[in-house]
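Summary of structural features
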Amino acid sequence: MNPSLRMPIFIFLLIAIGIIAYFNLTYHLTELRWLWENNQGEQVNEGFILLKEFRLPRVFISIIAGGGLAITGMLMQTLFQNPLAGPYVLGINSGSNLFIGISLLTGIPFLMSEYGMVLTAFIGALLFGLLILLFSTFIKKSISLLLIGLMISSFTSAILSILESSSSANNLKSFVIWGMGSLQKVEFAQIGFITITFLILTLFSLTLMKALNALVLGETSASALGISVKRERQKIIVISSLFIGLITAYCGPIAFVGLTVPNLARILFKTQNHQVLFFANLLIGSFFLLLCDSIILLLEPYTAIPINGITSLIGAPMVILFILKNGRI
Amino acid sequence: MILNNLQFGYQVPYLTSDFLEFNLGQAIPLIGANGAGKSTFLKTIAGLIPHSKGEIIIENQSLTKLSLQERSKKIAYVPSTPPLIDQMRVNEYIALGRTPFLGLFGNLQQKDEEIIEQAILKLGLTPYKERFIHELSDGEKQLCTLAKALVQDAPVILLDEPSAFLDYANRNRIVELFKNLAKQENKLFIFSTHDIDLIDREFQEVLYIDVTENKLIKGNISLNKDAILEKAFNRNLGSFH
Amino acid sequence: MKFWSILLCIWLFACQSNDNQTREHIKSTTRYAKHFQLFEYQNHQIIHVLNPKTNKLEKKIWISDHLPQSTNESYIYIQPHQVKLCPMASSHIGMLNRIEVLDRVSALPSQNYLDNVILKKAIQHGKILEVGFENQLQLEKLLRSNTNLISYSGFGTEFPQESKLKKLGVLTIQNYDWEELNPLGRAEWILFFGALTGKLNEAKNEFQHIERNYLHQVKRAKRYRYKKEVISGNLVGDVWYLPAGQSYAAQLFKDAQIRYRYEKKKGTGSIALSLEEILKNHRHTNIWLNPGVASKKALALINPKLKHLKAFQNNQIYCYSHRMNFYWENASLMPDRILSDYIEICHGRGNKVLYFYKKIKP
């Protein structure tokens, strides 16, 4: 795409996000009366509760998770110079998986509170993020880190499969369900915290763009341009861990967004300039996940599809289509 | 640029140099047998490989004390492989040379844009600047890497085998370009090469690696070509003629 | 010559199948159960297990202490007094318990899902071995326990390694009690175990008892004219699964004079709705049955938004989860008890003790 078209496309994406968000907020809400409309005489405005407690958090987390996963995917793809990398390659989410798995499969919750699952997943991701950070201090080439991430994932899934084979059917079921991901668990009251965390992370990741641009040339060339690859890599790990921790905690693992969107963004915008790619990923990621959720919402009367089903179902053919049309990633 | 009593190689030192001084405004080829340490030498000076002893001084500043970013303002390094990048335009690629000068968020300023534009003009890349790197020929790609090194605004530019992927005509042209640019911009170009005939024709001063003593030496190739080649390649090339 | 011998074969074959037909012409003893038939002859019984989906005959079982002289490949033969049984599902244990043949149990999949005290003790004393579930069956242990019959919940597929087990002298029989939609049909499977263990008369007595009690409860429920509404089921991930209109649970709701919004929804399994839909539909529903967990805290962990349900706010959630294993062992045998629990929950004054159910912990 011609660079002069970038701004119009960003604006188009923003408008599209707005329209889909409005649709997802109000679709099929028959009894909706907005707060400012008169609802005296009745104590509970049911439509408004649905909007506030169900739809708003759902739309909100779609935007956050979509954008966050896409950005993390971009960070990983550039760090490893591999379009097949995604937010989960470092094995950060294995931490969430393991902790949630242990707590669900053994039936002994780490933290028995209303937010127990959220905290468990978050702590798991952070601990594993720290572990990987520790490894990264001993490692010169990023590609070794990719291998370590892979090993960590295999290791934790081995532990989990042992736990699975000896856990009760109910516990197993709840773990499998957690693994399917959900955009419907966030509560209105949590929006504030998530927003602030997300904004801080976004701001920090913007400081990585200079290094990412240089890393496209390879690690040696990046160092020759004054980029301390090791330090930048550590920053990327920290920020990715926090992003993944935040999103996995509230939504469980969401497949495919972090892998598809960065590739789409690169193909669509035809650039390696990460300042552009950053916003492209943020917007396309949000747009993509919102769209997936609209489909779930539309199909709800007929059948229920988990979010992970839809993201892969739409994402995979989309990438194939783009590759066929454009030839290059 | 002054190299003083350097010992290359981090854990196993295998290349040394005495006191060597280079003036800006010239291009110097670096020759040596395969595996003698040409790349190690270039990378060490660029600060990509730590060295165990000695000093590198550019414009009266010792490089060892500089951070990676400060160092990259003194030395530009161009690796031997041409850029293999998809979806990147020529001007975007050249702009990466400004990385050491950019702020926290990495945005290009007016001044950066001007420097980039000048480099593009200087190397005649204007018709290509909106094209994608992967669409260019090897010669054009090499010009782009050179442009990137130029915008880095460093007094010293190191190039690892810049002519390896070029055809004969382009090899001549790029070496010619090094000489001219060095003079015009008052920079020091050091580039490694295997092209002895070309060097012999175009240059007088060369850097070579004496394989018997593992030592980096500056010599005059037009005066004692055979001696230099013998030391650099450990055999008497003259006897083959 | 060849021609005649072929003709002879065909004739013999035809006679044999004719013979079968006439022999099985008597009526099945079962009155409610749809997925098995029991034919009683003078000296033996025959059980047919039918596939619930296709109604196809899946297994033919010949039961007699005296094996016939000529056997037929399509049957499996069981000598009820020799049976050493490994019941793979909880409901089987309840039925064996009711006809007092727990001493025939030689192996169990695992004691994790066990409620019965007699069996637990037997496991402790090593009289019953734990052999693992269908797919993780520990063959050596199973043989060591001298088991010769496995009863398992059928899913329309063969038991893993069925033919191999048969060679080792272990027969397998699928059981479709869980697919029965009529509460009494489900309970009637006690006859199946009665026949297999040679306690058919006892099983018949017990079933008569169950039938009488159940019909009595149905009559009792009819006294309550005003039907209370309930919601049932729980979220699984983002989907709320409720029993469909023709399911076992819906039948129980109907018999308990409960108003169930989805009783007209076709299907024998479950229907899937979103939580939003549930909230919209059940604004005033005060009673929530079978959430599958034992406390409100656990519900909040599943999804905090369940708090918006009225039944949650009013503490009117009932489940059997506090004694899950007890429920699974005995519920299919005691639909009358489930019914009386429902009647008490929905119509009672709260002074009667519930049998299976309990209000979940706040």
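Residues numbered from 1 in each chain as written. Chains lettered and ligands numbered in written order. Predicted model: local features only at pLDDT ≥ 70, side-chain atom pairs only at ≥ 80, totals over all residues. Heavy atoms only, no water.

**Thoughts on the overall build of chain A**
If you tally the helices and strands in chain A, you get 13 helices and zero strands. Relative to a compact globule of 329 residues, whose C-alpha radius of gyration would be 20 Å, chain A shows 20 Å and is just as compact. Projected onto the principal axes, the alpha-carbon positions of chain A cover approximately 70 × 55 × 35 Å. Among the 329 residues that make up chain A, the fraction classed as buried is 56%. Counting only contacts in chain A whose residues sit at least 6 apart along the sequence, the fraction spanning at least 24 positions is 77%. Split by element, the accessible area of chain A, about 13600 Å² in all, is 73% carbon and sulfur. Averaging the coordinates of the 18 positive side-chain charges in chain A and doing the same for the 12 negative ones gives two points 21 Å apart. (Helix = DSSP H or I, 4+ residues; strand = E, 2+ residues; numbered from the N terminus. Rg over C-alpha atoms; globule rule 2.2 N^0.38 Å. Buried < 20%, exposed > 50% of the residue type's maximum accessible area, 1.4 Å probe, protein only. Contact = heavy atoms within 4.5 Å. Areas by Shrake-Rupley, 256 points an atom, 1.4 Å probe, with all protein chains shown as cover. Lys, Arg positive; Asp, Glu negative; His and termini not counted. Charge placed at Lys NZ, Arg CZ, Asp CG, Glu CD.)

**Section: the sheet that holds strand 14 (residues 270-274) of chain C**
Where strands meet in a sheet, backbone hydrogen bonds hold them as pairs that are either parallel or antiparallel. Residue and element names in this part refer to chain C. One open sheet accounts for three strands, arranged 11-12-14; its pairing is antiparallel. Two strands bound the open sheet, and with one partner strand each, they are strand 11 (234-236) and strand 14. The average undirected angle you get between the axes of adjacent strands in this sheet is 40°. Here strand 12 (residues 239-243) runs beside strand 14; their pairing, made up of five bridges, is antiparallel. Across the sheet, the residue bridging to W240 is L273, located in strand 14. (Pairing = 2+ DSSP bridges. Axes fitted to C-alpha atoms, helices over the stretch in contact; angles between N-to-C directions.)

**Some words on the interface of chain C and chain A**
Contact with chain C, which involves 21 residues of that partner, is made by 32 residues of chain A. Roughly 2500 Å² is buried in total at the junction of chain C and chain A, and carbon and sulfur atoms are behind 53% of that figure. In this structure, R55(A) and E276(C) form a salt bridge, with 2.4 Å as the shortest nitrogen-oxygen distance. Remark: the boundary between chain C and chain A carries seven residue pairs in polar contact (both at pLDDT 80 or more). Counting residues per element, the ones that place at least two in the side of chain C that touches chain A are helix 10 (275-281) and helix 11 (296-302) of chain C. Looking at the side of chain C that touches chain A, its residues break down into ten nonpolar, four polar and seven charged. (Buried area = accessible area lost by both parts, 1.4 Å probe. Salt bridge = Lys/Arg side-chain N within 4 Å of Asp/Glu carboxyl O. Polar contact = N/O pair within 3.5 Å; in protein donor to acceptor, adjacent residues only side chain to side chain. Nonpolar A, V, L, I, M, F, W, Y, C, P; charged D, E, K, R; others polar.)

**Thoughts on unusual backbone geometry**
Non-glycine residue F256(A) carries a positive phi angle of around 80°. The class for F256(A) is partly exposed, based on a relative accessible area of 24%. Phi at Q161(C) is positive, roughly 60°, even though this residue is not glycine. Position of Q161(C) among the secondary structure elements: in the loop between strand 8 (149-153) and helix 5 (162-167). Residue Q161(C) is classed as partly exposed on the basis of its relative accessible area of 44%.

**What to know about the packing of helix 4 (residues 116-136) of chain A against helix 10 (residues 229-251) of chain A**
Residue and element names in this part refer to chain A. Between helix 4 and helix 10, the least distance of the axes is 8 Å, while the angle of their chain directions is 165°. In terms of axis orientation, helix 4 runs roughly antiparallel to helix 10. By crossing handedness, the relation of helix 4 to helix 10 is classed as right-handed. The segment helix 4 lies against helix 10, with V118, A121, F122, A125, L126, G129, I132, L133 and S136 engaging K230, R233, Q234, I237, V238, S241, L242, G245, L246, T248, A249 and Y250. (Parallel < 35°, antiparallel > 145°, perpendicular 65-115°, else oblique. Left-handed = near helix turned anticlockwise from the far one by under 90°.)

**Remarks on the domain arrangement of chain C**
Size of an interface: often given as the accessible area lost when the parts come together. Residue and element names in this part refer to chain C. Structurally, chain C comprises domain 1 (78-213) and domain 2 (222-359). On a C-alpha basis, the centroid separation for the pair domain 1 and domain 2 is 29 Å. On the domain 2 side, the residues contacting the 21 residues of domain 1 number 17 residues. Buried surface at the junction of domain 1 and domain 2, both sides included, amounts to about 1600 Å², of which 61% is carbon and sulfur. Viewed at the interface, domain 2 and domain 1 are joined by one salt bridge. In this structure, R323 engages D115 in a salt bridge whose closest nitrogen and oxygen atoms are separated by 4.0 Å. At the junction of domain 1 with domain 2, the criterion picks out three residue pairs in polar contact (both at pLDDT 80 or more). Ranked by residue count, the leading element in the side of domain 1 that touches domain 2 is helix 2 (residues 90-98), at six residues. (Domains from an automatic or database assignment.)

**Describing the nonpolar core**
In terms of nonpolar packing, the biggest core is built from 234 residues, with W240(C) and W288(C) touching the most fellow members. Core analysis: the second largest hydrophobic core is formed by 28 residues, L20(B), A46(B), I58(B) and L66(B) among them. (Core = buried A, V, L, I, M, F, W, Y, C linked by side-chain atoms within 4.5 Å.)

**Quick word on the sheet that holds strand 17 (residues 358-359) of chain C**
Residues and elements named next belong to chain C. Judged by pairing direction, the sheet is mixed, and its five strands sit side by side in the order 13-10-15-16-17 without closing on themselves. The open sheet terminates on both sides in strands that have one partner only, identified here as strand 13 (258-259) and strand 17. Where strand 10 (residues 228-232) meets strand 15 (residues 287-289), three bridges bridge the pair, whose relative direction is parallel. Within strand 15, the position partnered with I231 by the bridge is W288.

**Concerning helix 2 (residues 46-79) of chain A**
Residues and elements named next belong to chain A. Under the 1.5 Å per step criterion, the end-to-end length of helix 2 is 48 Å for 34 residues, consistent within 8% with the ideal 50 Å. At R55, helix 2 shows its largest bend, some 35°, and a proline, P57, comes one to four positions later. Within helix 2, 30 of the 34 residues are buried, which leaves the element mostly enclosed by the surrounding structure. (Expected span 1.5 Å × (residues − 1). Bend = angle between axes of the 7 residues up to and from the residue.)

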